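Listed below are the residues making up each chain.
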Amino acid sequence: MALGRDADAMARVLKMLANPDRLKMLCRMGMGDMDGGRRPTVGELVTLTGLSQSRVSQHLSLLREAGVVAPLREGQQVRYRLADAQVRAVMEALCDLCEVGLPPSAFGDPARQG
């Protein structure tokens, strides 16, 4: 039963990661974690995605509730980081795929699907 429960939970997290704007935000957070750089603020994520501050905050709220990201308060600012090493490992792999691109045959030819 644990496999079924865990698979359901993982499927929910993967659906959350499937959003292009959230993926951009998470990759940016991962960059800060991987290279020792600064973790992004809401304002920086607004600039990155082109979304409104309100929409970015909504995305971050969903990601916090799912345990994917965690806030870090620095004085007046709140910066965001990936929640743990497992999330960082997943995001590193996804961000690498985003950078190099997927081969056309990675998920089959959409024209042949029906």
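Quantities reported herein were computed from a predicted structural model and do not represent experimental measurements.

Colleague: Quick one: what's the story with helix α4 (residues 53–65), residue by residue and with numbers?
Modeller: The terminal C-alpha atoms of α4 lie 18 Å apart, and with 13 residues this matches the ideal 18 Å at 1.5 Å per residue to within 8%. Residues Val 56, His 59, Leu 60 and Leu 63 constitute the buried set of α4. The arc that holds every buried residue of α4, seen down its axis, measures 100°, which confines them to one face. Directly after α4, the chain includes Gly 67, whose backbone phi takes a positive value near 80°.

Colleague: Can you explain the layout of surface pockets? Please cite residues and give values.
Modeller: Space left empty within the atom packing is revealed by a probe, the size of a water molecule, rolled over the atoms. Of the volumes computed, that of the largest pocket is approximately 250 Å³. Together, Ala 9, Met 10, Val 13, Leu 17, Ala 66, Gly 67, Val 68, Asp 84, Gln 86, Val 87, Val 90 and Met 91 line the largest pocket. At the level of secondary structure, the elements contributing two or more residues to the lining of the largest pocket comprise α1 (2–17) and α5 (85–100). Considered class by class, the residues forming the lining of the largest pocket number nine nonpolar, two polar and one charged. Here the second largest pocket is characterised by a volume of approximately 190 Å³. Around the second largest pocket, the lining comprises 13 residues; the ones closest to its centre are Cys 27, Arg 28, Met 31, Cys 95 and Glu 99. For the lining of the second largest pocket, the element with the highest residue contribution is helix α2 (residues 20–35), accounting for seven residues. Per-class residue counts for the lining of the second largest pocket are eight nonpolar, no polar and five charged.

Colleague: Provide a residue-level description of α5, including the pertinent values.
Modeller: Taking 1.5 Å as the rise per residue, α5 with 16 residues should run 22 Å; its terminal C-alpha atoms sit 23 Å apart, in good agreement. Within α5, the full set of buried residues consists of Val 87, Met 91 and Cys 95. Buried residues of α5 fall within an arc of 60° about the axis and therefore sit on the same side. In α5, those exposed residues whose orientation departs by more than 90 degrees from the buried face are Ala 85, Gln 86 and Val 100. N-capping of α5 is provided by Asp 84, with a side-chain oxygen placed 3.1 Å from the backbone N of Gln 86.

Thresholds, definitions, all that
Per chain, the residues get numbers from 1 upward, laid out in the order the sequence is written. Per-residue local features of the predicted model are confined to residues with pLDDT of at least 70, and side-chain atom pairs are confined, for both listing and counting, to 80 or more; whole-chain, interface and lining totals are unaffected and use all residues. Calculation of side-chain values draws on the structure's entire complement of heavy atoms; hydrogens and water are dropped beforehand. A helix here means a DSSP run of H or I that spans at least four residues, while a strand means a run of E at least two residues long, and both kinds are numbered starting from the N terminus. In this analysis, the expected span of each helix is defined as 1.5 Å times one less than the number of residues it contains. Buried, partly exposed and exposed residues are distinguished by accessible area as a fraction of the type maximum, computed with a 1.4 Å probe on protein chains only: under 20%, between the cut-offs, and over 50%, respectively. Directions are taken from the helix axis to each C-beta atom, and the arc is the one they span. With a 1 Å grid laid over protein atoms only, a set of points is called a cavity when a 1.4 Å probe fits there but cannot get out and a pocket when it is open yet has protein on both sides within 12 Å along at least five of seven lines; lining residues have an atom within 4 Å of a point. Grid points are joined across faces, edges and corners, and a volume is the space filled by probe spheres set on the points. Throughout this entry, Asp, Glu, Lys and Arg are counted as charged residues, while Ala, Val, Leu, Ile, Met, Phe, Trp, Tyr, Cys and Pro are counted as nonpolar. The remaining residues, Gly among them, count as polar. Any N or O atom pair separated by 3.5 Å or less is treated as a polar contact, with the protein-specific requirement of one donor-capable and one acceptor-capable atom, and with residues adjacent in sequence counted only for side-chain atom pairs.

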